[in-house]
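Letter by letter, the chains look like this.
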Amino acid sequence: MGAQLRYLSYRVGSSFWFLPLLMLFAAGALASATLLMDSSSFVGFLGYATGLFHFEEEGARLILSTIAGSMITVTSLVYSLMLVALTLASGQLGPRLMTMFMRDRVNQLVLGTFLATFVYSLTVLMMIGSEAEEKAAFVPTFSVWCAFLLALTCFFLLVYFIHHVSEGIQADSIIVAVGAELDAEIDRVFPRSPSGETMRNAQEARPEPEEADCGEIVADKGGYIQTIDFKGLAARCEALGVHLRLGVKPGDFVIEGQKVGLVWPEDRIDDAFRQNVCVALVAGPKRTPAQDLEFRVHALVEIALRALSPGINDTRTAIACVDRLTASLARMMANPAYAPDSSRRHGNAHLSVRLLEFDDVFAIAFNEIRRNAAKHASVIFRQIDSLGNLAACAPTMHHRAVIRRQGEILQRLCDAAIREPSDREAAEKRLAHLWEMLDESTIPQAVSA
């Protein structure tokens with residue numbers, strides 16, 4: 001159930017209707033409460049004593065109808081204009097911008113406040129009228145004042161919303177937001193371990209059985225893997241005394257009937273266990289960042305690739321993406337636990353998963369941008385500088401080897417693509433600094449020891 005709940009929470013959190021719907025119900029409850037207060041003798045006495053809570057029937061109707069009508073008009077107009085601006089921006093930065101707009105809590109809150117004010121005003125408006133022919137008309141003056149205060153709140157939120165969206169569709173703001181989500185996902189996937197022991201090390205020492213001795217687990221439906229219930233699978237394997245090795249991870253695409261895992265000994269499992277594994281692998285029609293670290297890396301790479309395209313040719317945005325990816329890679333190197341915490345908890349005896357390596361994330365972050373940067377010397381220079389910065393804080397020889405391989409590729413690219421003598425000289429200086437940083441003698445004392 002953990003994987004389904006995680007995916008459901010992502011779907012609900014990224015929807016544009018859940019929070020506004022809750023606010024609509026809250027508006028109905030607020031209207032009932034204020035109308036009940038209006039019918040009490042205390043509010044009536046307070047209104048006559050202070051002169052604040054007093055409206056004629058027609059005046060109250062006019063105020064509430066004006067507020068209700070203006071809320072619908074402003075909501076439709078503002079969000080139509082914002083969607084046009086976001087559509088234009090997504091053409092430059094990528095379609096994932098629309099998903100971020102929908103997940104933005106400010107956008108959801110503003111929409112919910114506008115609609116809640118409309119529902120509140122309409123509900124109070126319906127209650128204005130005569131209770132009987134011999135009695136005066138019921139005018140909920142306190143409720144009208146609350147509607148007025150809600151309208152003022154909507155005005156201030158409108159101003160802030162325009163500022164928020166105008167700032168949010170800027171390339172730098174999008175890069176910062178995606179980078180922050182990437183760092184948070186890195187901390188989740190690569191948690192800090194005081195002992196330093198990882199599931200990866202345990203798996204390398206464990207002998208694996210022959211595939212012919214294992215039972216196969218096949219996917220019962222196709223799609224992109226959204227989330228995996230690692231804890232539930234580990235607990236199930238522990239209860240049956242079997243070992244499960246998954247061959248897929250969140251973000252992978254599977255087809256119906258595809259082999260997704262091996263389990264041994266085969267004689268201890270049944271169809272119910274296979275069904276439990278399939279349920280723990282939640283598939284969907286598209287990739288989402290619910291449990292997919294690579295999704296956020298690809299998002300930053302996509303922004304950089306669009307910036308390097310001939311139609312846009314925005315090297316500054318590409319450089320900003322390189323910088324943000326470099327910061328995330330440094331964060332990953334500082335915490336090299338190559339397995340989710342839930343898998344490492346039971347993985348020593350019962351569950352092994354397809355591990356996300358630093359090499360894989362590093363390749364995604366650098367390769368595609370490098371291939372499209374042959375005509376952009378400034379981007380190549382920044383990638384070389386980034387390798388130097390990563391080399392300065394690389395904790396192991398393995399990390400240095402990965403950085404060195406990328407540096408050698410960039411050196412060959414400079415030799416083939418950069419013809420201007422001054423640019424070649426600048427590239428050589430940066431590469432010389434990189435090789436100096438990769439010298440074994442520069443490894444931090446704590447690491448080399």
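See the structure printed just above.
Residues numbered from 1 in each chain as written. Predicted model: local features only at pLDDT ≥ 70, side-chain atom pairs only at ≥ 80, totals over all residues. Heavy atoms only, no water.

*Asks:* Can you walk me through the side chain of D38 in this structure?
*Replies:* Mapped onto the elements, D38 comes out in helix 2 (residues 18-38). No salt bridge is formed by the buried D38; the nearest opposite charge belongs to R61, separated by 14 Å. Separated by 2.6 Å, the side chains of D38 and S143 make a polar contact. (Helix = DSSP H or I, 4+ residues; strand = E, 2+ residues; numbered from the N terminus. Buried < 20%, exposed > 50% of the residue type's maximum accessible area, 1.4 Å probe, protein only. Lys, Arg positive; Asp, Glu negative; His and termini not counted. Salt bridge = Lys/Arg side-chain N within 4 Å of Asp/Glu carboxyl O. Polar contact = N/O pair within 3.5 Å; in protein donor to acceptor, adjacent residues only side chain to side chain.)

*Asks:* Explain the sheet that holds strand 3 (residues 215-218) to me, please; I cannot follow it from the model alone.
*Replies:* The strands making up a sheet associate through backbone hydrogen bonding, with each pair oriented either parallel or antiparallel. Spatial strand order, 3-7-5-9: four strands in an open sheet with mixed pairing. At either margin of the open sheet sits one strand with a lone partner, and together these are strand 3 and strand 9 (351-352). In the sheet, strand 5 (residues 243-246) pairs with strand 9 via two bridges, with the strands oriented parallel. Note that in strand 9 the partner of L244 across the bridge is L351. Sheet strands touched by helix 11 (residues 271-280): strand 3, strand 5 and strand 7 (259-264). Its angle to strand 3, the strand with the most contacts, is close to 40°. (Pairing = 2+ DSSP bridges. Contact = heavy atoms within 4.5 Å. Axes fitted to C-alpha atoms, helices over the stretch in contact; angles between N-to-C directions.)

*Asks:* Looking at this structure, I do not really get helix 11. What am I missing?
*Replies:* For the α-helix, the turn length of 3.6 residues means that residues three or four positions removed from each other point alike. Taken together, the buried positions of helix 11 are occupied by F273, V277, C278 and A280. All buried residues of helix 11 lie within an arc of 160° about the axis, which places them on one face of the element. Between the side-chain oxygen at the start of helix 11 and the backbone nitrogen of A272 there is a gap of 3.3 Å, and the oxygen is on D270. (Arc of directions from axis to C-beta.)

*Asks:* Which parts of the structure should I look at to understand the pairing of strand 4 (residues 223-228)?
*Replies:* Side-chain positions along a regular strand alternate between the two faces of the sheet. In terms of residue burial, strand 4 counts as a mostly covered element, since five of its six residues are buried. Sheet topology note: the strand 4/strand 6 (residues 253-254) ladder contains two bridges and is antiparallel. Within strand 6, the position partnered with G223 by the bridge is V254. Note: strand 4 against strand 8 (residues 281-284), four bridges, orientation antiparallel. When the bridges of strand 8 are listed, Y224 appears paired with G284.

Read these as spatial facts, not as claims about activity.
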